[in-house]
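Descriptive structure summary
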Amino acid sequence: RELPMLDMAIQMEERRSSVEKHQGTAAGAADDRRRAPPRSNQALQVTHITQDATTGQLLMQKEQIRSKVFQPGWTQPKYTVEQWGEIERQQAIEREAKQSVSEEQRKEEPRRYDQLVKDGMEDRADLVEASAAIDQAWDDWKDENPRGMGNKMGDRGDRNF
């Protein structure tokens, strides 16, 4: 039983070695085209040449590339902790000013009468009239849309029940 398997393994090995010999991938087949580059004592020099979009002048950036060699690959911070704290403080002051302005403007906007009473502004006639209009519009909407008139999903399922 094992003899035919061994014969087949030998045949496969012979085929593989003949294919490698013809393709040049065998261990003994040396390729002359793949020689190592000659060694030199000088360091590798990179010169990046670009063209300025506005003037069309060629720019050689050897020094710029050389200066970026030992730079980290991530973005460095632009501000110190103290500078960032100052920026945050200025933004907080601006937000507080905007918020106080918007709160003052909200006090002058019309709203429901019960909210006017809560804020103690029920004696201002213009706000009372505006709140009466808002309350009237709300009452009209409630009359047109009584409770339970929404989508009751009546068209779902079997109607035989």
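The structure this text deals with has already been given above.
This structure is a prediction, so every number in the text was calculated from the model and none was measured.

**Overview of a nonpolar patch on the surface**
Together, Ile49, Leu58 and Met60 line one region of the surface with nonpolar side chains, adding up to about 340 Å² of accessible area. Here Leu58 is to be found in strand S2 (residues 58-60). Leu58 gets classed as exposed once you look at its relative accessible area, which sits at 56%.

**Re the packing of aromatic side chains**
The full count for this structure, using the stated rule, is two aromatic pairs. Between Tyr79 and Trp84, the aromatic rings sit 5.8 Å apart at their centres with planes inclined by 35°, giving tilted as the arrangement. According to the relative accessible area criterion, Trp84 is partly exposed, its value standing at 42%. When the ring of Trp138 is compared with that of Trp141, the centres are 5.5 Å apart and the planes differ by 15°; the resulting orientation is stacked. You can see Trp138 and its partner Trp141 sitting in helix H5 (residues 125-144), three residues apart, about one turn around the helix. Trp138 sits in the partly exposed class, given a relative accessible area of 40%.

**Re the environment of Asp119**
The topology assignment puts Asp119 in helix H4 (residues 113-119). For Asp119 and Lys107, which are twelve residues apart along the polypeptide, the C-alpha to C-alpha distance reads 8.7 Å.

**Notes on a negative patch on the surface**
A cluster of acidic residues, Asp139, Asp140, Asp143 and Glu144, forms a negative patch at the surface. Relative to the helices and strands, Asp140 resides in helix H5.

Definitions and limits used
Residues numbered from 1 in each chain as written. Predicted model: local features only at pLDDT ≥ 70, side-chain atom pairs only at ≥ 80, totals over all residues. Heavy atoms only, no water. Patch = residues over 30% accessible without salt bridge, like charges linked within 9 Å, V, L, I, M, F, W, Y side chains within 5 Å. Areas by Shrake-Rupley, 256 points an atom, 1.4 Å probe, with all protein chains shown as cover. Salt bridge = Lys/Arg side-chain N within 4 Å of Asp/Glu carboxyl O. Helix = DSSP H or I, 4+ residues; strand = E, 2+ residues; numbered from the N terminus. Buried < 20%, exposed > 50% of the residue type's maximum accessible area, 1.4 Å probe, protein only. Phe/Tyr/Trp six-rings, centres within 6.5 Å; stacked < 30°, edge-to-face > 60°. Lys, Arg positive; Asp, Glu negative; His and termini not counted. Charge placed at Lys NZ, Arg CZ, Asp CG, Glu CD.

What is shown is where atoms sit, not what they do.
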